[in-house]
Amino acid sequence: MNTKKSLSIQKKLLLYFLAIAVAPVIITGACAIYFATTPLLYFALNPVKNHVVSYANHIRQELYNVREDILYASRLPGMSRLLTFYQESSDAERVNLQEDMVNSFVELLSKRKKYHYISYIDETGRETVRVNFSLPDSWRVIVGDQLQNKSHTDFFINSIGLPLGEVYVSPTILNEENGILETPYTEVIYLATPVQDINGQIKGIITIALRAEVLFKPLVEWRISQYPSAESFVVNEKGFYIAHSNSDKTRGKQHLLEMKWSIFSDYPAEISGTLLQSKEDGFLETRDSVLVYTRCSPVFLQKQHSWGIVASVSRTKVYRTIDHFKYMFAAILIVTLAMVIFIAYFLSKQFTLPITRLRMGAKLISGGDLAHRIDVTAFDEIGELAYDFNLMTEQLQGLYQNLEDKVSQRTEMLQKAMEDLKHKDELLEESNQATLDFLKNLSIQLRTPLTSVIGQLSLLEKNIYGELTSKQQIAIKKIHKNLFETFKWLDGIIRISTLASAQTSGDLRVNKQDFSVSQSITQAIHSIQYALSEKNMLLKFESADDLSIYSDKEKIDEIISSVLHAVVHHPLTHDGIITITVSSEKQEAIIVSKIIFSTEYPESEKIDDIYKALTEPFIHSPTFFNITNLSICVSRALLIILNGSLEVGFGKEKNVISITISF
């Protein structure tokens, strides 16, 4: 018995230990490194995120505070009196009403010290009361011709129509006085809300100009110890910087602060688009930096403005901590793997040492030293195996003494039985061969008179011997049908005897000679004429040359006849056209002859059943007999003897089956 060389038990145990221990360690380590990257990145960016979020909260809180101040100012008693009685009062009374509001505005400005000015503008857009404030603690009341018409300003137009209690917030712009930018330039954010008199009539707006530096100074001055070179900035909804920690990118002096410095000039379009369109917190990675961003849009702004707050840190510094963890974890993983491999090797050696001793002892015993005994050093499973092995050796040593006599006796009995069996096989083979020869000869002998009967019936059908009555014609048709079935069974007997004969040693001999293939095909066609007529089939034999081959003529004749019977005798074969072509070609100094049987069937839907019968192995039972399967199996068996082949396949058309025999 041939066995493949395999690994030793020690190596197998070592591999098992490594597979059980090393694979989980590697998988766990790789997964830990992979899945820990994102949490570590979040951890590394946590200080930056806290800054961005806290700054956004700072902006929201400041805007909420201003909102509360402006709503407080709109509800002052002096404001209610001013709105209700100002138009109907005398000049002296108007001055008193204005002074009351000035005192309230001054008190508010003195407490906050972050507003540029606060004013009341009537419904026509004309400033009625205004108080300016300058750091550190200087305020000035604007009176007379210095009061301006603000009806053209965006904050007046957008706030005068708001419902009572709502506040408009403007973009960050430069303050204007009488249509001219105030110098030095002052960046402000206007907050405005409508006010009404006691009759519920809108009488104008209250406006507070918030200094922008109150919102943006913490961002510009922000620094973090982990990332000293980090930058932070605020962009408006158009992507322009309205605050930047880098002084080289300070805001410009245009009216709407839209200058060349924008995120589109510093970052790719997809990054810039994400920063402007995202509604949630997050971070983005570029080639050189990591951007942590959030949106700042208090609820009361009603989506009037939305600022993006972004912090940019060096990608290298962010990933330095992550890489340090990966390297440290990889080093621990390598050390762990080395320890696991060492322990696996040590354990495998300890496990296999007793087995090695047992194997060496077994080798000596197998060499004929039955007196050798294996040392039992432990009473574990291997020790018990060694003890049983020694016991087996003792019994083997005792049995070996009587073994030769018993073997001699058994050998003599076996030889006698083999001779008897051989004689019986020879008798059985002769009997089987005689039976097959008898059946084959019987079939051939019966075909001759039956063929004559068919010929006479054909003459009767043609009225050679006189007119036949209708009953006689029906009787002749029945005789034809019965004769056709008889011929099928006779052909089956020939096929069965041929198939059985091909399996015997005598038929394996090949008697080669030169003969004409066309002549063999013509003879086979002549023998199948009765079946072609019964099935109403047309047979075409196309042969340009009379091809002469050197092979076993008897077997070739049987192959051609078997293929024709397989095609014609199938129950579904009717009204078809059989075309036979013969060709030969030279393949590597060998002449290969081919005979192709192409059968065209009129009913293409049944062609699969015919193809199945031509390709399935022969099945025979008392209730089933298929001459088609049998005939194809005969052809294949004979072609094997001739080193040939038989292939069944579909033709170019769907209703054509092609059978090709090559030899």
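All values reported here derive from a predicted model rather than from experimental measurement.

*Asks:* Hey, could you run me through the overall build of the protein in this one?
*Replies:* Across its full length, the protein carries 15 helices and 21 strands. Expressed as a percentage of the 663 residues in the protein, the buried residues total 40%. A separation of at least 24 residues holds for 64% of the contacts in the protein among residues at least 6 apart in sequence. For the protein, the exposed surface amounts to about 38,600 Å²; the carbon and sulfur share of it is 56%.

*Asks:* Would you mind going over the packing of helix 13 (residues 553-568) against helix 15 (residues 627-641) with me for this structure?
*Replies:* Axis angle and axis distance: for two packed helices, these are the angle between their axes and the distance between the axes, and together they describe the pair. Direction vectors running N to C along helix 13 and helix 15 enclose 155°, while the axes themselves pass 8 Å from each other. Taken together, the axes of helix 13 and helix 15 lie roughly antiparallel to each other. Viewed along their axes, helix 13 and helix 15 form a crossing whose handedness is left-handed. Counted together, K555, E558, I559, S562, V563, H565 and A566 of helix 13 and T628, S631, I632, V634, S635, L638, L639 and I641 of helix 15 form the full contact between these two elements. Split by residue class, the contact of helix 13 with helix 15 holds eight nonpolar, five polar and two charged.

*Asks:* Could you clarify how one ought to interpret the packing of helix 2 (residues 77-85) against helix 3 (residues 91-112) in this entry?
*Replies:* Taken N-terminus to C-terminus, the directions of helix 2 and helix 3 make an angle of 150°; their axes are 9 Å apart at the nearest point. By the angle class used here, helix 2 and helix 3 are roughly antiparallel. Here helix 2 and helix 3 pass one another in a crossing that is left-handed. Counting all contacts with helix 2, which are made through G78, M79, R81, L82 and F85, the residues of helix 3 involved are L97, Q98, D100, M101 and F105. Of the residues contributing to the contact of helix 2 with helix 3, the split by class is six nonpolar, two polar and two charged.

*Asks:* Help me understand empty space enclosed by the protein in this model?
*Replies:* Rolled over the atoms, a probe as big as a water molecule pinpoints where empty space is left. Counted according to the given criterion, the structure contains one cavity of 30 Å³ or more. When its volume is computed, the largest cavity comes out at roughly 90 Å³. Along the walls of the largest cavity sit L82, L83, Y86, Q87, Y120, D122, E123, T128 and K203, which together make up its complete lining. Contributions of two or more residues to the lining of the largest cavity are made by helix 2 and strand 1 (115-122). Of the residues in the lining of the largest cavity, the class split is four nonpolar, two polar and three charged.

*Asks:* I'm lost on the pairing of strand 21 (residues 656-662) in this one. Help?
*Replies:* The side chains of a regular strand alternate, residue by residue, between the two faces of the sheet. With seven of seven residues buried, strand 21 is to be regarded as a mostly interior element. Of the strand pairs in this sheet, strand 19 (residues 590-600) and strand 21 are connected by seven bridges, and their pairing is antiparallel. By the bridge assignment for strand 21, I596 is matched with T660. Inspection of the sheet shows strand 20 (residues 645-650) paired to strand 21 by six bridges, in the antiparallel sense. Following the sheet pairing, V648 is matched in strand 21 by I659. The turn joining strand 20 and strand 21, which pair antiparallel and follow one another in sequence, is formed by five residues.

*Asks:* For this particular structure, what's the right way to read the pattern of salt bridges?
*Replies:* Across all of its chains, the model carries nine salt bridges by this definition. As a salt-bridge pair, E62 and K114 come within 2.8 Å of each other at their nearest N and O atoms. With a gap of 52 residues between them, E62 in helix 1 (residues 9-74) and K114 in the loop between helix 3 and strand 1 connect regions that are remote in the sequence. Here the two residues E62 and K114 agree in accessibility, since each one is buried. One salt bridge in this structure joins E127 and R130, with 3.1 Å as the shortest N-O distance.

*Asks:* Teacher, can you tell me more about the environment of S516 here?
*Replies:* Looking at the element boundaries, S516 is found in strand 15 (residues 512-516). Of the residues examined, S516 reaches a relative accessible area of 13% and is grouped as buried. Between the C-alpha atom of S516 and that of Y550, which follows or precedes it by 34 residues, the distance is 9.0 Å. At 3.5 Å, the side chain of S516 forms a polar contact with the backbone nitrogen of S518.

*Asks:* Help me understand the sheet that holds strand 11 (residues 241-244), please; the structure alone is not making it clear to me.
*Replies:* Hydrogen bonds between backbone groups are what pair the strands of a sheet, and the pairing can be parallel or antiparallel. Read from one edge of the open sheet, five strands run 11-10-14-13-12, paired in antiparallel fashion. Looking at strand neighbours, the two that pair on one side only are strand 11 and strand 12 (282-285), the edges of this open sheet. Between one strand axis and the next, the sheet turns by 25° as a mean value, whatever way the strands run. Two elements, strand 10 (residues 231-235) and strand 14 (residues 307-314), share five bridges in a ladder whose sense is antiparallel. Each residue of the ladder has a partner; that of V235, found in strand 14, is G308. Across the sheet, helix 7 (residues 269-277) lies against strand 10, strand 12, strand 13 (289-296) and strand 14, angled at about 25° from strand 13, the strand it touches most.

*Asks:* Is there a simple way to think about unusual backbone geometry in this case?
*Replies:* For residues that are not glycine, phi is negative in most cases, and the peptide bond is trans in most cases. The phi angle at K113 is positive, at roughly 55°, despite the residue not being glycine. In this structure K113 comes out as partly exposed when scored by relative accessible area, which is 39%.

*Asks:* What should I look at first to understand helix 15 in this one?
*Replies:* An α-helical segment advances 3.6 residues per turn. Residues three or four places apart therefore align on the same side. Compared with the 21 Å implied by 1.5 Å per residue over 15 residues, the 21 Å span of helix 15 between its first and last C-alpha is a close match. Burial within helix 15 is extensive, with 13 of its 15 residues counted as buried. Count one or two residues on from helix 15 and you reach N643, which has phi positive near 60°.

*Asks:* I tried to follow the packing of aromatic side chains on my own but got confused; where do I start?
*Replies:* Think of a pair of aromatic rings as described by two things: how far the centres are apart, and how the planes are tilted against each other in angle. If you walk through the whole model with that rule in mind, you get five aromatic pairs. Residues F233 and Y241 carry aromatic rings whose centres are separated by 5.0 Å and whose planes lie at 65° to one another, so their mutual orientation is edge-to-face. Comparing F233 with Y241, the two get one shared label, buried. Pairwise contacts between aromatic rings join Y117, F155 and Y190 into one cluster. One residue, R94, lies across the ring of Y86, its end atom 4.9 Å from the ring centre. Sitting above the plane of the Y117 ring, R130 keeps its charged end 3.8 Å from the centroid.

*Asks:* What exactly am I supposed to notice about the nonpolar core here?
*Replies:* If you look at soluble globular proteins, the nonpolar side chains tend to sit buried side by side. Ranked by internal contacts, the top residues of the largest apolar core, which has 61 residues, are F105, V234 and V318. Take this core: its biggest share by element is 13 residues, from helix 1. Excluding anything up to four places from it in sequence, V234 contacts Y55, F216, L219, F240, Y241, I242, A243, W307, G308 and I309.

*Asks:* How should I be thinking about the pairing of strand 2 (residues 127-134) in this particular structure?
*Replies:* Most of strand 2 sits out of view: seven of its eight residues are buried. By the bridge criterion, five bridges tie strand 1 to strand 2 in an arrangement that is antiparallel. Bridge pairing in strand 2 places Y117 opposite N132. Here strand 1 hands over to strand 2 after four residues, with G125 in that stretch at a positive phi of 95°. The pairing of strand 2 with strand 3 (residues 138-142) spans five bridges and is antiparallel. Bridge pairing links F133 to W139 in strand 3. In this structure, the hairpin formed by strand 2 and strand 3 is closed by a connection of three residues.

Cut-offs used in this document
- All residue numbers refer to position in the chain's written sequence, counted from 1.
- For this predicted model, a pLDDT threshold of at least 70 governs which residues receive local features, and a threshold of 80 or more governs which side-chain atom pairs are given and counted, while totals over whole chains, interfaces and linings are taken from all residues.
- Just so you know, side-chain values use all the structure's heavy atoms and leave hydrogens and water out.
- Strands here are runs of E lasting at least two residues and helices are runs of H or I lasting at least four, both read from the DSSP assignment and numbered beginning at the N terminus.
- Whether a residue is buried, partly exposed or exposed follows from its accessible area with a 1.4 Å probe, protein chains only, as a fraction of its type maximum: under 20%, in between, or over 50%, in that order.
- Contacts are residue-level and defined by heavy atoms, with any inter-residue pair within 4.5 Å sufficient.
- Each accessible area is a Shrake-Rupley result for a 1.4 Å probe, and residues are judged covered by the shown protein chains and nothing else.
- Between the N-to-C directions of two axes lies an angle of 0 to 180 degrees, each axis being a line fitted to C-alpha atoms and, for a helix, fitted only over the stretch in contact.
- Angle categories are assigned with fixed cut-offs, so that under 35 degrees is roughly parallel, over 145 is roughly antiparallel, 65 to 115 is roughly perpendicular, and the rest are oblique.
- Left-handed is the label given to a crossing in which the near helix is rotated counterclockwise from the far helix by less than a right angle, and right-handed is the label when the rotation is clockwise.
- When residues are sorted by character, Ala, Val, Leu, Ile, Met, Phe, Trp, Tyr, Cys and Pro go into the nonpolar class, Asp, Glu, Lys and Arg into the charged class, and all the rest, Gly among them, into the polar class.
- Think of a 1 Å grid over the protein atoms and nothing else: a 1.4 Å probe that fits but is trapped marks a cavity, an open set flanked by protein within 12 Å on at least five of seven lines marks a pocket, and residues with an atom within 4 Å of a point count as lining.
- Grid points are joined across faces, edges and corners, and a volume is the space filled by probe spheres set on the points.
- Pairing between strands is defined by DSSP: at least two bridges between the two strands are required.
- The rule for a salt bridge is simple: a side-chain nitrogen of Lys or Arg has to be within 4 Å of a carboxyl oxygen of Asp or Glu.
- For the purposes of these results, a polar contact is taken to be a pair of N or O atoms within 3.5 Å, where, inside protein, one atom must be able to donate a hydrogen and its partner to accept one; residues adjacent in sequence count only when each atom of the pair is a side-chain atom.
- A helix is expected to span 1.5 Å for every residue after the first.
- Two aromatic rings from Phe, Tyr or Trp, using only the six-membered ring of Trp, form a pair when their centres are within 6.5 Å; if the ring planes differ by under 30 degrees the pair is stacked, by over 60 it is edge-to-face, and anything between is tilted.
- Only lysine NZ and arginine CZ atoms are considered, and such an atom sits over a ring when it is within 6 Å of the ring centre and within 35 degrees of the ring normal.
- Definition used in this section: a nonpolar core is a set of buried Ala, Val, Leu, Ile, Met, Phe, Trp, Tyr and Cys residues joined via side-chain atoms within 4.5 Å.

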